[in-house]
Amino acid sequence: MSVNRRTFLRSGSAAATALAILPSRLRAQFGARPEPIASIQDPRLEDLTARALDAARAAGAVYADVRLSVTRLRRFLIDRVDDGEAMGVGVRVWVDGYWGFASSPVWTPDEMARLGREAAHQAKVNATGDPRDMPLAPATAVRGHWTMPVAEDPFMISPYEIQDHLASLQLWIGRVLNLEVPANNLEARAQDKVFASTLGSYCTQRQYLTTGNLVCGLKRLPNGQAPEFVLDCLSSAGLGFELYTADHLPRVRDASLRDEVRRQFEETKEDYSLPIKPVNVGRYDTAFDAMTMTHLLDQTIGRATELDRALGFEANAGGTSSLSDPRGMLGHYQVGASLLTVTGNRSDPGGASTVKWDDEGVEPDAMTLVKDGVLSDFQTLRETAGWLNARSHGCAYAPTAIEAPLQREPNLLLAPRDGGDYSGMVGQLSDGITIKRAKLDVDFQATTGMGTGMVFSVKNGKRVAWHPGAAFLFRATDLWKALAHVGSEPHVRRFGLASGKGEPAQLGIHSIAAPPAVIKGVTLVDALRKA
Amino acid sequence: MRCTVLLLAMAFAPVVVRAQVRFEWPDTTVDLAKYTTADDCLALSGRDYVHIHRHRQMTTWDDTLPVPPWLELESVAPAEAQDVARCMARFTEPRTDLKDWVPLTVLYLIANRDHDASVVMGRRLAEVPADHVHERTQVTDSIIRLYVTARPSRLDSAEAILLRRAKGDDVFHRLTTYFWLFKESEWHADTVRMQRVGRWMLSLGDSLTPAQRQSDAFRDIGKIDFRGTGVSDGEALGGDAVLLQAVRAVRGWTPYLDSLRRSSAAFIALVREDWRHATQTQDVSDYPPGHHAAPLSADYWFPPQSGAVARPTPGRVSLIVFQDPTKCNGVATSDADVVQDWLCLNLLARARRLAIQFPQLDVTVVTPTHGYFMYATPPAPAEEAAKIREFMAPHTVPGEAVGVSVTSTWRLPAPDGRIIEKPWANYEHYVFGRNFRQPTIALIDTDGTILTTGEFDITRLADLIDILVHRAGT
Amino acid sequence: MSSAVSDHNLSREACESIAARVFAFARGGGESWVQIHSWWNGELRWARNHVSLASDRRDLRIMIYRTRDLGFGWVSTNQIDDASLEAAVRAAERNCEINGFTRHPLPASDRPPMPPFQRPTTAIWSDVTNTTTVDTLGALVRQLVAPAKAKGLLSAGYIEMRAGSMMQTNSLRGGGEPAPWDVPYIAWTQAQGSLTVRDPEGTGSGWAGLSSDDWSRLDPMALATRAIDKCVASQHPVALEPGRYTVILEPQAVADLWELATKSFVRELAEAPQDPWFLAIDDALGLGRSKLGRKVVDERITVSHDPADPALGIVPGPWDTPVTWIDHGVLTNLYYDRDYALKKLNTNGGVRSLAGYRMSGGQTSIESMVQSTERGLLVTRLSTVQEVDHPSLLMTGLTRDGLWLIEHGKISKAVKNLRFTESPLFALNNIDALGEPVPVFRPVKNPYEDGAPLTPAIVPAIKARDFSFTSTIDAI
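Keep in mind it's a predicted model, so treat the numbers as computed, not measured.

(A) Region of interest: the overall build of chain A. Scanning chain A for helices and strands turns up 12 helices and 24 strands. For chain A, whose C-alpha radius of gyration is 25 Å, the value lies close to the compact-globule estimate of 24 Å for 531 residues. Dimensions of chain A, computed from the C-alpha atoms along their principal axes, are close to 75 × 75 × 40 Å. Within chain A, contacts between residues at least 6 apart in sequence are counted, and of these 73% link residues at least 24 apart.

Pasting the structure below:
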């Protein structure tokens, strides 16, 4: 019986015809009747927020703020699109050092008032005349609108175009590189926010977060392995579809996406071509790639310098910080070698934490957390900055208005020096180790940890063997003090990393950028070996 | 403003109306200016094709229709062709990047730019030094495949290139390339070309050594490249089966009919001769035609009285349809596989057409049980048999007998407990060796001799049955 | 199951109205599904002996799935007014143009009916949880903090009341008995309470916590006392040489160690190499054999689940029945789905996955375990447990909030936290003593929330030999 390709090609689906619908307008209730509003900048939303603030004040709030959010998600695969949209409102009230919070998905004047009263009640129940030693750092009223600049708004591009782009990429990868593509999808997120406070702030923002996921699989190698690699340059970023289409993205990739796929493919082939040998435990000078450095930065200094963590506000959840005496340590404590400078910001173009105003209405500033190895500052929001008697650095963040803002990491950077690139660093090791793409398991004080990744031994500047199952152990302070070389600016790489924090846990995504680096005397162990 | 709102809120009883989400949808027109590479245009073409095909499926449930040859001959749908033409406007020969020659060729052919296709293919071939015979041959085979898999196929162009292809010692690649052209010719109802190419295949087949015929490469011949990307997929037919098709094509259909008119023995002798030619062996014990048809067994017959006579019934022309619903996805256990498989229902539909055309034909459908049926609680065998019958009811073949065999099983000891099915007798009796897969149908003459087990499509079967029933004088 | 649902969750009637409206908005035929979640949280968080945040939060999730014209569309929203639901349905139908099936799916109306089923009714609703207010909790937290403060310690913690409702239904089967894949309206509650007490110098840390559907099953004062006692006892820990030790794992630590192992009980995977429960390939039959029927751990260990057990707080599925995965040390069940059951076993219904379990124990108290230990370690709980080798279920992770050295039958000193590299299978094969099984801190999540869901557990304390600790860590 004949089977022809027509009958075989019953795969996938996409529609060429557009289903035109009349765009429905955002509606909210301002009075008794629903009224359409054009966008998040509609001035009538300020009246809505005022209902919440007025009710909070009437119920005893010393300070109150309110957030509205509309979050849109669109997920793309080659043959599928899924959509989600959610609205929220959250009211926060401060009474004598105690916060109360109330939130719901309902935007009506009555609900605003209810939330204002409820948040005030939540705060007042606990404000029993025993004030906390946490004065809020001052803030000024802010007004205005800000839209995160993106080159290509993924919600305004034809979904078919995006799908064709993903499909074209996959065709090219299969045809030219002869690779399988087990995963190829994209998630676009856009969030419109309103912030208003009893300080007189009223501001609106539009933020984007785009995340790509492209996994390529090599055919089976002579050693029996069939490795896959995830494209590094598609991690979450404050960008639009240019995450895929741009010819280059500063600190993300130096060339087009296809060139980057090819580069990573060559790198993977090379990595897997090295002979597999058991690990020789010991201490080695180690060249780390940029990705591993971002993870190290994120989970040690990045966490330790969250002031709320250092003060013990996460003690029952993620843990505390080794920087346990913030006031005493600031300006003195040696976190690492003099080569180490770590800064934070919420203004980097393309950063996942980039905003104009944080979720407390503070315009974030640049922060130098570690300068030349010395602890210089902490990440703060108004509450923790107040304890330091300093200005908030604007690190308040909530995923949507339904969650209360928490202190979350800004865009972090391990400042580049003049150490060159990763290959050069490997080339300088006479008897050392190089570690790439390590994942870390760091303790609940961000002090000690273990990393597993691709571990290679290096002899006379060349990689000679691969050690699957090897891991490195580290103590954060020792590690950073042993920093010997830090790579140069052109070799800084930025990744979007997700993490959970708080009770209940909230997901936050921020960007970390770092160059490759060499650290001396890193302890190498066999992760699979028991005592 | 705020006061006004508050007053309004107090003046009217508040209606519980919530704010509304929008799910805004952008203009879906694609911006072809952004489609700068051949892969971009190929993605667009693929999406168009799938969409058009899907929409066709919404109005045509073709699961049981025969595949008309003009389906293969039809041009690309206008919507897709227009999109591709516009997308490809930026590509002109000879200025394109040769690394993209494969998708460029596919797209030129969709856009009816055959001249550009031949230019780019020619450029690719010209890149290869004349003395790199192996590489030249690989590129040539790729060119042939591109012509063959084009929509519609460019069979003349493919054949012209094939004639210039080197005839080196890469016999398996060559046979595969011949087979591509052969098969596409068949689907295009281009009998003359089919026979011509079939002769080339046989000439090559005759030259193979026994060692070559035993090789894995020979067994892998016949994988169809459905996607037209040059990457083979699907199950291999095997070199023997491929050559058998060539033998049949070269002979033409008439000799089979003539021989069957004389006698079944003459027909069997002819097809066995085909088999020996194709396999270069004398032993026909593996080959079903000519064997005596074993009586079918079943535990439940529908209608019940149909089991009272032996089937196939001596003195009757019989068509047996082997239907295993689980292998057809027709017996579903989850939402995911509750779909109707083209292959199995098509088989029943063909049987029905034959039964209508030939009232003298006895049709017996046999099927095994598996201990489950769709979502139902594992039924008792009688119940499962009834459910299977009910499932096939919309495709009833007039006058058919449906025999359901309860599959014998044994279980791995507890706690594993997995069912291991014993072979189904009806299959076992109609498979005679490693060369043939489980049969889908069997045509039996009045003397109980197997004439074929699924080698011929429905029009051929109709011709054979016509002769058999006339011979029988029924 | 209580029908009393407060106004902070969607009632059955509200859910049915939403479903009816979604189905009414559908155009162009086909089929629709809707899954409706609502939840409310009452949260109280404190640190440094003061409440830091008290919240009352609520949200909805309406997930709509449409199939039409050989396509399907999936959208989610949290707005339930007519205009929003209609916009969502239109969006799902618009996505049907893009997301296509490859074949004509059989319409639901043509599918034969499913066999009879009885969805176990499990009472996972507590009026106490649903109605406990911040007023009550505020006063309570002050009582929990006071003793820590009096000792000059810092108390941090979190108490959460959660109530939710959920329903799932299909347009072609509405109005009759729900089909198995529908979820009839369910309301559920969950309460959790945990605290960490530390000394201001950071030399000691103690933790205690518990979760349950019913707040009244938690004894917050007892938790606070335990956390304080552990903090005091854990101060000024000394470094201990890593190595193999007899270990007494408190129930929380046992659940932490076993957590990842619970995800490995999958039959189809166990019949292939590189799985912890894989035995061998049977060349004769051409299949993989699993360790089903073989002894895999100590015969005193039985791991089971009863869907009617409210202590496990899991919403049961339609065919959920009690399952024993490990019976007196023998592997007796692995998860498989209905498809596997029908095709490979000819049985009706699969075995649920190991979400929520009870592990058997014994009668030995922790005090007795300590007394019988010549040299060993007492572990409160484990943190950041990860798998390092799947076939052996070798895990690594850290001890946290209390680790003590036992010498000559007494706790002799607090010890710095250690990293372990050990397999729970090894530990369960080297058991010296077992305590009485108790519930532990295992709060569940809504399906659409971030993070991996934790498995509710009722587990004993375990004393095991030769537990491997591979390095010291600095974190306290």
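Back to the text.
(B) Expanded view of the domain arrangement of chain A. Residue and element names in this part refer to chain A. By the assigned domains, chain A splits into domain 1 (30-139), domain 2 (159-273) and domain 3 (282-526). The distance between the C-alpha centroids of domain 1 and domain 3 comes to 33 Å. Counting from both sides, the interface comprises 17 residues of domain 1 and, opposite them, 16 residues of domain 3. Those elements that provide at least two residues to the side of domain 1 that touches domain 3 are strand 3 (63-77), strand 4 (80-95) and strand 5 (98-104). Split into classes, the residues belonging to the side of domain 1 that touches domain 3 amount to 9 nonpolar, 5 polar and 3 charged.

(C) Here's a closer look at the confidence of the model for chain A. A residue-level look at chain A finds 93% of positions with pLDDT of 70 or above and a mean pLDDT of 91. Here residues 1-29 of chain A is a poorly scored stretch, pLDDT under 50, and it has 77 contacts once near neighbours within four places are set aside; other chains count.

(D) Representation of the interface of chain C and chain A. The partner chain A presents 63 residues to the 73 residues of chain C that form the contact. The residue makeup of the side of chain C that touches chain A, split by class, is 24 nonpolar, 28 polar and 21 charged. Pairing analysis gives 5 bridges linking strand 5 of chain A to strand 2 (residues 50-68) of chain C, with the strands arranged parallel. The residue bridging Ala102 of chain A from the neighbouring strand is Asp56 of chain C, located in strand 2 of chain C.

(E) Here's a closer look at helix 2 (residues 44-58) of chain A. Compared with the 21 Å implied by 1.5 Å per residue over 15 residues, the 21 Å span of helix 2 of chain A between its first and last C-alpha is a close match. A positive phi of about 110° marks Gly60 of chain A, the residue just after helix 2 of chain A.

(F) The arrangement of the environment of Arg136 of chain B in detail. Residue and element names in this part refer to chain B. Among the structural elements, Arg136 can be located in helix 7 (residues 133-148). The class of Arg136 is partly exposed, set by 18 C-beta atoms lying within 10 Å. Not counting residues within four places of it along the chain, the set of residues in contact with Arg136 comprises Leu125, Val128 and Ala166.

(G) The sheet that holds strand 10 (residues 303-305) of chain C, seen in detail. Residues and elements named next belong to chain C. Taken in spatial order, the 6 strands of this open sheet run 12-11-10-13-20-19, and their pairing is mixed. One side of each edge strand has no neighbouring strand; the edge strands of this open sheet are strand 12 (330-331) and strand 19 (438-439). For strand 10 and strand 13 (residues 357-359), the ladder comprises 2 bridges, and the chain directions are antiparallel. When the sheet's bridge partners are listed, Ser304 is paired in strand 13 with Arg358.

(H) Structural context of the environment of Ser103 of chain A. Tracing the sequence through the fold places Ser103 of chain A in strand 5. Placed 15 residues apart in sequence, Ser103 of chain A and Gly88 of chain A show a C-alpha to C-alpha distance of 7.2 Å.

Conventions we followed
- Residues numbered from 1 in each chain as written.
- Chains lettered and ligands numbered in written order.
- Predicted model: local features only at pLDDT ≥ 70, side-chain atom pairs only at ≥ 80, totals over all residues.
- Helix = DSSP H or I, 4+ residues; strand = E, 2+ residues; numbered from the N terminus.
- Rg over C-alpha atoms; globule rule 2.2 N^0.38 Å.
- Contact = placed C-beta atoms within 7 Å.
- Domains from an automatic or database assignment.
- Nonpolar A, V, L, I, M, F, W, Y, C, P; charged D, E, K, R; others polar.
- pLDDT = per-residue confidence, 0-100.
- Pairing = 2+ DSSP bridges.
- Expected span 1.5 Å × (residues − 1).
- Buried ≥ 20, exposed ≤ 12 C-beta atoms within 10 Å, placed from the backbone.

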